[in-house]
Amino acid sequence: MPLRSLVICAILAFAAGLAVASFAGFREFVPGLLEGALVTVEITIGGCILAVIAAFIAAMAKMYGSWPVRWLAVTYIEIFRGTSALVQLFWLFFVLPRFGLTMDPLTVAILALGLNVGAYGAEVVRGAVTAVPRGQWEATIALNMSRVQSLRRIIVPQAIVAMIPPWGNLFIELLKATAIVSLITISDIAFRAQQMNATTYRTTEIFSLALVIYLALAMVITIIMRQFERLAARGLARGASH
Amino acid sequence: LKFWDWAFAWEILPILLRASIVTLEATILGFIIAAILGLAFAIGRMFGPKWLSVPLAGFIEFIRSTPLLIQIFFIYFVFPEYGVILPAMAAGVMALGLHYATYCSEVYRAGFANIPRGQWEATIALNLLPYYTFRDVIPQAIPPIVPALGNYLVALFKDTPLLSAIAVLELMQTAKIIGSDTFRYTEPITEVGIIFLIFSLVAAALIRLVEARLNRRTTRP
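Heads up: these notes are all about the structure in this document. (Residues numbered from 1 in each chain as written. Chains lettered and ligands numbered in written order. Predicted model: local features only at pLDDT ≥ 70, side-chain atom pairs only at ≥ 80, totals over all residues. Heavy atoms only, no water.)

Looking only at helices and strands, one finds nine helices and zero strands in chain B. Beginning at the N terminus, the succession of helices and strands in chain B can be written as α-α-α-α-α-α-α-α-α. The buried share of chain B, taken over its 221 residues, is 45%. In chain B, once contacts between residues fewer than 6 apart in sequence are set aside, the share between residues at least 24 apart is 78%. Only carbon and sulfur atoms are counted for the fraction: they give 69% of the accessible area of chain B, which is about 11,500 Å². (Helix = DSSP H or I, 4+ residues; strand = E, 2+ residues; numbered from the N terminus. Buried < 20%, exposed > 50% of the residue type's maximum accessible area, 1.4 Å probe, protein only. Contact = heavy atoms within 4.5 Å. Areas by Shrake-Rupley, 256 points an atom, 1.4 Å probe, with all protein chains shown as cover.)

This is the structure:
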């Protein structure tokens with residue numbers, strides 16, 4: 001879908017949602033769910049930032065580290081990809097306090113989701129970096145660049161262009177995964193929906209509205225990532241033409 | 001209080017292993033739904049008339065970009081409002097199946113797109129009825145997409161702990177109950193993590209094996 005029709009879709013969906021919400025009986029649920037959406041957005045942004053950092057560190061460690069570092073990175077990636085996000089969340093929430101590490105639930109949520117998505121992201125980063133043509137590496141050797149220099153100036157900037165679409169998918173996965181933080185008592189959209197459902201029993205309205213809010217947030221992520229993609233591609237094209 | 005109590009860990013292991021049978025049941029049933037419904041979605045979206053394919057594409061996009069947990073709640077709490085009362089396990093399996101059907105339909109779509117055009121043209125040349133067209137052409141798309149479907153099987157397996165939110169007695173819910181009864185969460189939750197890790201690593205190895213087999217068979221002239 002081209003960007004403009006996506007934007008139009010998002011606006012239409014939002015307007016339709018608002019119209020339905022104000023005419024049908026579910027106006028009363030909007031403020032509560034939007035408050036929850038704020039928490040969801042907060043966790044999503046925190047998780048995305050952590051995921052990108054973790055993914056880059058793990059990918060670089062796996063590709064260029066000495067063997068103990070590489071082994072550590074592989075263990076991290078396999079453990080977080082091999083178990084489910086909910087198990088990781090509960091583990092951090094229930095088990096870490098026993099080691100004397102007590103964190104507030106919000107931090108635990110960002111940590112669990114960020115590390116989980118970061119493990120998947122590490123493979124994305126690794127794939128994109130290995131996909132950079134060999135000639136680029138050879139050129140950096142010819143220019144006598146150190147490995148860190150060539151990665152930072154030549155290889156990674158090119159890899160980032162290829163990385164953006166898969167990262168967009170991962171960010172949407174992360175947004176969807178934030179629903180599980182309601183199970184460790186964080187009042188996000190899913191938690192508010194359940195709470196309101198328990199007091200009012202208006203299940204259809206509440207859960208439909210919750211789904212629509214998640215859809216709108218996912219669309220926002222798609223739009224932002226499209227924008228990034230265009231920016232990055234433009235930068236690359238300019239670099240190549242000079 | 002110790003960090004890790006071996007006696008306790010051994011005591012609860014059989015309970016958790018028994019619960020893992022429920023997890024595997026949910027995985028298998030959910031994946032059967034996902035594989036069949038996904039094929040129906042893909043065929044409807046690619047070959048259906050416009051009034052079917054456009055809303056279907058929108059529906060698939062909608063399911064794919066909203067959280068599975070809310071979909072589980074939706075089926076478990078909203079369907080009874082309209083007279084469809086489901087036990088927790090059935091609701092959970094349906095939600096898992098529906099959610100992953102949308103992912104599988106994209107896999108099938110890629111598979112169909114990879115069938116050489118000549119195959120479709122041949123069915124037109126032979127004047128085959130749609131039934132025979134599908135019967136003869138679609139099976140060609142299956143072998144190359146088996147590994148991709150396998151990856152979604154593992155992903156579905158890793159999403160089954162979400163069923164604990166509607167109190168299905170699978171691994172995670174059993175671990176939580178043990179935890180709240182004994183105030184020891186370290187052992188049950190760690191063991192659940194290890195069980196998941198073992199299953200997923202074994203599954204990943206099996207997928208790699210199947211992939212190698214299929215590649216060998218297709219590259220042999």
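This is not the end of the story, as more comes after the structure.
Contact with chain A, which involves 34 residues of that partner, is made by 38 residues of chain B. For chain A, the biggest contributors to the area lost against chain B are A:Arg98, A:Lys176 and A:Leu211; these three give 22% of the whole. Our count for the contact surface shared by chain A and chain B stands at zero salt bridges. Here chain A and chain B share 11 residue pairs in polar contact (both at pLDDT 80 or more) between them. At the level of secondary structure, the elements contributing two or more residues to the side of chain A that touches chain B comprise α3 (67–82), α4 (85–95), α7 (147–177), α8 (189–200) and α9 (203–241) of chain A. In terms of residue count, the dominant contributor to the side of chain A that touches chain B is α9(A) (nine residues). Residues of the side of chain A that touches chain B, tallied by class, amount to 20 nonpolar, nine polar and five charged. (Buried area = accessible area lost by both parts, 1.4 Å probe. Salt bridge = Lys/Arg side-chain N within 4 Å of Asp/Glu carboxyl O. Polar contact = N/O pair within 3.5 Å; in protein donor to acceptor, adjacent residues only side chain to side chain. Nonpolar A, V, L, I, M, F, W, Y, C, P; charged D, E, K, R; others polar.)

The residue A:Thr185 is not glycine, and still its phi comes out positive at about 65 degrees. Residue position: A:Thr185 is located in the loop between α7 and α8. The exposed category is assigned to A:Thr185, whose relative accessible area is 55%. The phi angle at B:Ala167 is positive, at roughly 65 degrees, despite the residue not being glycine.

Moving on, we come to helix α7 (residues 142–159) of chain B. Residue and element names in this part refer to chain B. In this model, α7 (18 residues) spans 25 Å end to end at C-alpha, consistent with the 26 Å of a helix rising 1.5 Å per residue. Bending of α7 peaks at approximately 30 degrees at the position of Ala 148. Restricting attention to buried positions, one finds in α7 the residues Ile 145, Pro 147, Leu 149, Gly 150, Val 154, Leu 156, Phe 157 and Lys 158. (Expected span 1.5 Å × (residues − 1). Bend = angle between axes of the 7 residues up to and from the residue.)

On to the environment of B:Ile124, then. Here B:Ile124 is to be found in helix α5 (residues 117–125). As a C-alpha pair, B:Ile124 and B:Phe31 span 93 residues in sequence and 34 Å in three-dimensional space.

Okay, the nonpolar core next. A:Trp167, A:Ile189, B:Leu16, B:Tyr108 and B:Val192 are the most contacted members of the largest nonpolar core, which has 111 residues in total. The greatest single-element share of this core, amounting to 13 residues, is contributed by α7(A). Beyond its immediate stretch of four places on either side in the chain, B:Val192 contacts A:Val87, B:Leu16, B:Leu171, B:Met172 and B:Ala175. Judged by nonpolar contacts, the second largest core, of seven residues, contains A:Ala54, A:Ala58, A:Ile77 and A:Ala122. (Core = buried A, V, L, I, M, F, W, Y, C linked by side-chain atoms within 4.5 Å.)

Attention now moves to helix α3 (residues 68–78) of chain B. Burial within α3(B) is extensive, with nine of its 11 residues counted as buried. For α3(B), the complete set of buried residues consists of B:Leu68, B:Leu69, B:Ile70, B:Gln71, B:Ile72, B:Phe73, B:Phe74, B:Ile75 and B:Val78.

Residues and elements named next belong to chain A. What the rule picks out here adds up to 12 salt bridges over all chains. Ionic pairing is found between Arg 202 and Glu 205, a salt bridge with its closest N-O pair at 3.3 Å. A single network of salt bridges, built from pairs that share partners, joins Glu 28, Arg 202 and Glu 205.

Another aspect to go through is the packing of aromatic side chains. With the rule as written, the count across this model stands at 22 aromatic pairs over all chains. Judged by centre distance (5.9 Å) and plane angle (10 degrees), the ring pair of A:Phe207 and B:Phe77 falls under stacked. On the criterion of chain membership, the pair formed by A:Phe207 in helix α9 and B:Phe77 in helix α3 is interchain, its members lying in two chains. For A:Phe207, a relative accessible area of 0% puts it in the buried group. When the ring centre of B:Tyr103 is taken as origin, the NZ or CZ atom of B:Arg64, which lies over that ring, is 4.9 Å away. (Phe/Tyr/Trp six-rings, centres within 6.5 Å; stacked < 30°, edge-to-face > 60°. Lys NZ or Arg CZ within 6 Å of the ring centre and 35° of its normal.)

This part takes up the side chain of B:Thr27. All names here are of chain B. Along the chain, Thr 27 turns up in helix α1 (residues 6–47). Judged by its relative accessible area of 5%, Thr 27 is buried. Sequence-distant contacts of Thr 27, that is, excluding residues within four places in its chain, are made with Leu 153, Leu 156, Phe 157 and Thr 160.

Moving on, we come to the packing of α3(B) against helix α4 (residues 88–113) of chain B. Residue and element names in this part refer to chain B. For the pair α3 and α4, the least separation of the axes is 9 Å and the interaxial angle reads 135 degrees. Our classification of the angle between α3 and α4 gives oblique. Crossing of α3 against α4: the hand is right-handed. From α3, Leu 68, Gln 71, Ile 72, Ile 75 and Tyr 76 reach across to α4, where they touch Ala 88, Ala 91, Met 94, Ala 95, Leu 96 and His 99. Along the lines of polarity and charge, the residues of the contact of α3 with α4 split into nine nonpolar, two polar and no charged. (Axes fitted to C-alpha atoms, helices over the stretch in contact; angles between N-to-C directions. Parallel < 35°, antiparallel > 145°, perpendicular 65-115°, else oblique. Left-handed = near helix turned anticlockwise from the far one by under 90°.)

Another point: the side chain of B:Thr23. Here B:Thr23 lies in helix α1. Every residue in contact with B:Thr23, bar those within four places of it in the chain, is listed here: B:Phe157, B:Thr160, B:Glu170, B:Leu171 and B:Phe196.

These results come straight from atomic positions and should not be treated as a statement about function.
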